[in-house]
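# A look at the structure
Residue-level listing of the chains:
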Amino acid sequence: MSAISKWLRRLLLLVVIAVAASSVAFYLLYLRRTALPPAAPHAIVAPFIASLPGLSACWIETGKTFSNFSFGSTAGSILVRHPAGDLLIDTGNSSHFDDEIRGYPFGTWFKLRFLAGQLKPEVPLSELLHRVKEDPAKLRWVILSHAHLDHSGGLMDLPRVPVLLSQEELQFAVDPSVQAKGFVIATHVQKFPTPGSPTLRFDPQPYETFDESADLYKDGSVVVVPLRGHTPRQRGYLRESGSQPSSFLRGRRRR
Ligand SMILES: [Zn+2]
């Protein structure tokens, strides 16, 4: 038997093994996955807001990927309209993302480009806000659930707006090792407050099951609570909806 046919047989065997392993993985991880139960009918009913006229919230999707699969991701913002000034929770990814990651080593660049990069918005966040009749220049605040690039990048598509971040999260964002791994993009940090000037502080005021909280408007309409873990100071948001149970708007996704 010639050396070439011997190598061809080995190559064929490898291909067969790879196809078999992929088929088994596809069967176990996708075809045999447990489907979620259908949502309860009340899940699509808008919350009744009795005590705060003018308060509303809407999801503004800036990007999504793999939406036909169970592991799909989405990115975007929650716009909270409030009589005392509107709030944007998270901003999704940046429309300039490809330029922002150009300087990374190939391995990190590849990961960023083909994971978080899939959430790059086709329409910049400022334009999406205009489409729902929101002037981004008039936002009172932008608050980030955490500093990761797929939550903070949309700041690059907005005019300069006050950004609410705690000192711990700011210190995490400026950490060179965090930026080197591509979790936080240095360009985005330029839109953040400086680490010595945090713009979000939690009060020792218990809220539901949390020991501390920050009541942004001092009227109980939007309460921020710490959700440490994914980043040192990830935050969650509880928006009061009148006499109904509070809506829990959580900023964490798969990343
Ligand atoms: Zn994250």
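Residues numbered from 1 in each chain as written. Predicted model: local features only at pLDDT ≥ 70, side-chain atom pairs only at ≥ 80, totals over all residues.

## Describing the overall build of the chain
- Summing up its helical and strand segments, the chain has eight helices and nine strands in all.
- When the 255 residues of the chain are sorted by exposure, 32% land in the buried category.
- Sequence separation of 24 or more characterises 58% of the internal contacts of the chain that already satisfy a separation of 6 or more. (Helix = DSSP H or I, 4+ residues; strand = E, 2+ residues; numbered from the N terminus. Buried ≥ 20, exposed ≤ 12 C-beta atoms within 10 Å, placed from the backbone. Contact = placed C-beta atoms within 7 Å.)

## Here we look at the nonpolar core
- Counting 41 residues, the largest nonpolar core has Leu87, Val142, Ile143, Val163, Leu165 and Val224 as its most contacted members.
- At four residues, strand β7 (residues 222-226) tops the list of elements feeding residues into this core.
- The residues contacting Leu87, other than those within four sequence positions of it, are Val80, His82, Arg140, Trp141, Ile143, Leu216 and Val222. (Core = buried A, V, L, I, M, F, W, Y, C linked by C-beta atoms within 7 Å.)

## What to know about the pairing of strand β2 (residues 73-81)
- Relative to β2, strand β1 (residues 56-65) is paired through nine bridges, and the arrangement is antiparallel. Bridge pairing in β2 links Ile60 to Ser77. (Pairing = 2+ DSSP bridges.)

## A look at the confidence of the model for the chain
- Per-residue confidence for the chain gives a mean pLDDT of 85, with 85% of residues at or over 70.
- Scored below 50 in pLDDT, residues 242-255 shows 39 contacts in the model against residues more than four places distant or in partner chains. (pLDDT = per-residue confidence, 0-100.)

## Some details on helix α6 (residues 167-174)
- Residues of α6 that are buried include every one of Glu169, Leu170, Phe172 and Ala173, and no others. On an axial view of α6, the arc spanned by its buried residues comes to 160°, and they lie on one face.
- Each element contacted by the buried residues of α6 is listed here: α7 (176-180) and α8 (186-189). (Arc of directions from axis to C-beta.)

## A few points about the pairing of β7
- In terms of burial, β7 is a largely internal element, four of the five residues being buried.
- Here strand β6 (residues 214-215) runs beside β7; their pairing, made up of two bridges, is antiparallel. Bridge pairing links Ala214 to Val224 in β7.
- Counting the residues between successive antiparallel strands, the hairpin from β6 to β7 contains six residues, one of them, Lys218, with a positive phi of roughly 60°.

## Details of the environment of Pro159
- Note on placement: Pro159 falls in the loop between α5 (149-152) and β5 (163-164).
- On the basis of neighbour counts, which here come to 11 C-beta atoms within 10 Å, the residue Pro159 falls in the exposed class.
- Put simply, Pro159 and Pro136 are 23 residues apart on the chain and 6.9 Å apart in space, counted from C-alpha to C-alpha.
- Beyond its immediate stretch of four places on either side in the chain, Pro159 contacts Pro136 and Ala137.

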